[in-house]
Structures are given as structure tokens and as C-alpha cells.
Amino acid sequence: MVAERPSGLRAHDLELFAAGFEWIAAVSLAAGAAAVGYLAYKKFLSKDKCCKAMVNLHIQKDNPKVVHAFDMEDLGDKAVYCRCWRSKKFPLCDGSHTQHNDETGDNVGPLIIKRKEA
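Here the residue numbers are simple positions, counted from 1 along each chain's written sequence. At least 70 in pLDDT is required for a residue's local features to be given in this predicted model, at least 80 for side-chain atom pairs to be given and counted, and no such filter applies to totals for whole chains, interfaces and linings, which use all residues. Hydrogens and waters are ignored; side-chain quantities use all the structure's heavy atoms.

Participant: Can you explain the UniProt feature "domain: Iron-binding zinc finger CDGSH type" (unreviewed entry) in the chain? Please cite residues and give values.
Facilitator: UniProt positions are given in the numbering used here, feature names are shortened, and annotations may be inferred rather than shown by experiment. Taking the UniProt record as the reference, the feature "domain: Iron-binding zinc finger CDGSH type" (unreviewed entry) is found at residues 65–103. Numbering of helices and strands starts at the N terminus; helices are DSSP runs of H or I of at least 4 residues and strands are runs of E of at least 2. Its end C-alpha atoms 26 Å apart, residues 65–103 is made of 21% helix and 10% strand.

Participant: Explain unusual backbone geometry to me, using residue names and the numbers behind them.
Facilitator: Cis peptide bonds are those with omega within 30 degrees of zero, and the linkage from F90 to P91 qualifies with 15 degrees. Relative to the helices and strands, P91 resides in the loop between β1 (78–81) and α2 (96–104). One non-glycine residue with positive phi stands out, namely W85, at about 70 degrees. Tracing the backbone through its elements, the reader meets W85 in the loop between β1 and α2.

Participant: Explain the side chain of S87 residue by residue, including any values.
Facilitator: The residue S87 is located in the loop between β1 and α2 in this model. On the basis of relative accessibility, which here comes to 2%, the residue S87 falls in the buried class. Separated by 2.6 Å, the side chain of S87 and the backbone oxygen of L92 make a polar contact. We call two residues contacting when some pair of their heavy atoms lies within 4.5 Å. Discounting residues that sit within four places of it in the chain, S87 has contacts with H58, I59, C82, L92, C93, D94 and S96. The buried label goes to any residue with under 20% of its type's maximum accessible area, the exposed label to any with over 50%, and the partly exposed label to all in between, with areas taken from a 1.4 Å probe on protein chains only. In protein, a polar contact means a hydrogen-donor-capable atom and an acceptor-capable atom, both N or O and within 3.5 Å, with residues adjacent in sequence counting only if both atoms are side-chain atoms; elsewhere, any N or O pair within 3.5 Å suffices.

Participant: Break down the packing of aromatic side chains for me, citing the residues and quoting the values.
Facilitator: For any pair of aromatic rings, the description consists of the separation of the ring centres together with the inter-plane angle of the planes. Only Phe, Tyr and Trp rings take part, Trp by its six-membered ring, and two of them pair if their centres are within 6.5 Å. Stacked means planes under 30 degrees apart, edge-to-face means over 60, and tilted covers everything else. Counted under the stated rule, the structure contains two aromatic pairs. Ring centres 5.3 Å apart and planes at 45 degrees place the aromatic pair F70 and Y81 in the tilted group. You can see F70 sitting in the loop between α1 (11–44) and β1 and its partner Y81 sitting in strand β1, a full eleven residues away along the chain. On the basis of an interplanar angle of 20 degrees and a centroid distance of 4.8 Å, the ring pair of W85 and F90 is categorised as stacked. On the basis of relative accessibility, which here comes to 21%, the residue W85 falls in the partly exposed class. Exposure remark for F90: the relative accessible area of 19% places this residue in the buried category.

Participant: Give a detailed account of the environment of N101, specifying residues and quantitative values.
Facilitator: Mapped onto the fold, N101 is located in helix α2. Distance from N101 to C84, taken between C-alpha atoms, is 9.0 Å for residues 17 residues apart in sequence. Excluding residues that lie within four positions of it along the chain, N101 makes contacts with D106, N107 and V108.

Participant: Tell me about the environment of E117, and please be specific about residues and values.
Facilitator: Counting through the fold element by element, E117 comes out in the segment after β2 (111–114). Using a relative accessible area of 76% as the deciding quantity, one classes E117 as exposed. When the C-alpha positions of E117 and D77 are compared, they lie 9.4 Å apart, and in sequence the two are 40 residues distant.

Participant: Describe the side chain of S96, with residues and values.
Facilitator: Summarising the element assignment, S96 is placed in helix α2. Among the polar contacts made by the side chain of S96, one reaches the side chain of D94 at a distance of 2.5 Å.

Here you go:
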């Protein structure tokens, strides 16, 4: 059984409708692919500073750069320094990197400086 064409519609009108529908589908697909491509570019390839996560969340935020200097003679036998920026005793390590690593999947640890044993 062949479906009948609604009255008042010619074959040309149906072809135009079908072509318009195909055009809309093609544009929608292209727009979706462009959006996915743009988001992938921003996530993996873009070097925008504004989109990067800050490492230092609270230490000396009023200074343009955080710098600490120590004399080697003052260090004693061993000194353990924070590299995760989460320590409450910064620049010394208090073990906060353990929680930071658990929460983020990171693998940072402290910088350990010790005297060479003679």
C-alpha cells in the first residue's frame, strides 16, 4: 500500500521540505561538533592564564611573589619544606600534602634537606 500525499501539497513542496529538514540536521550536527571541538581545545590546548587553577590559595596573597630564604647554618640536621602550598606552617611542611593528594589525585611531597652524614 502506498501512502497518499496530503491534498494541496505537490511533490515539489515535499522535496523542499525534505531538503530544509536535511539542511537543519546538517547544521545542528556541525554546530555540535564545533562546540565539542572548542571545549576540547580550551581544556587541553589553551594556555590562558585565567583558566588555570591557582596553586597558592592563601599564603602571603598581598605580595607579588612568595620568597623564603634560609642560611644553611641555621637549618640544623634536617629541614622539611612544603611543596603543596597547603601547610599551615608554610614554608615548613606539616603533612597537608597527604590530604591534598587524596582529594586531587596529585603526588606532591615535601622537599627534605638534610646534612650529609660523615
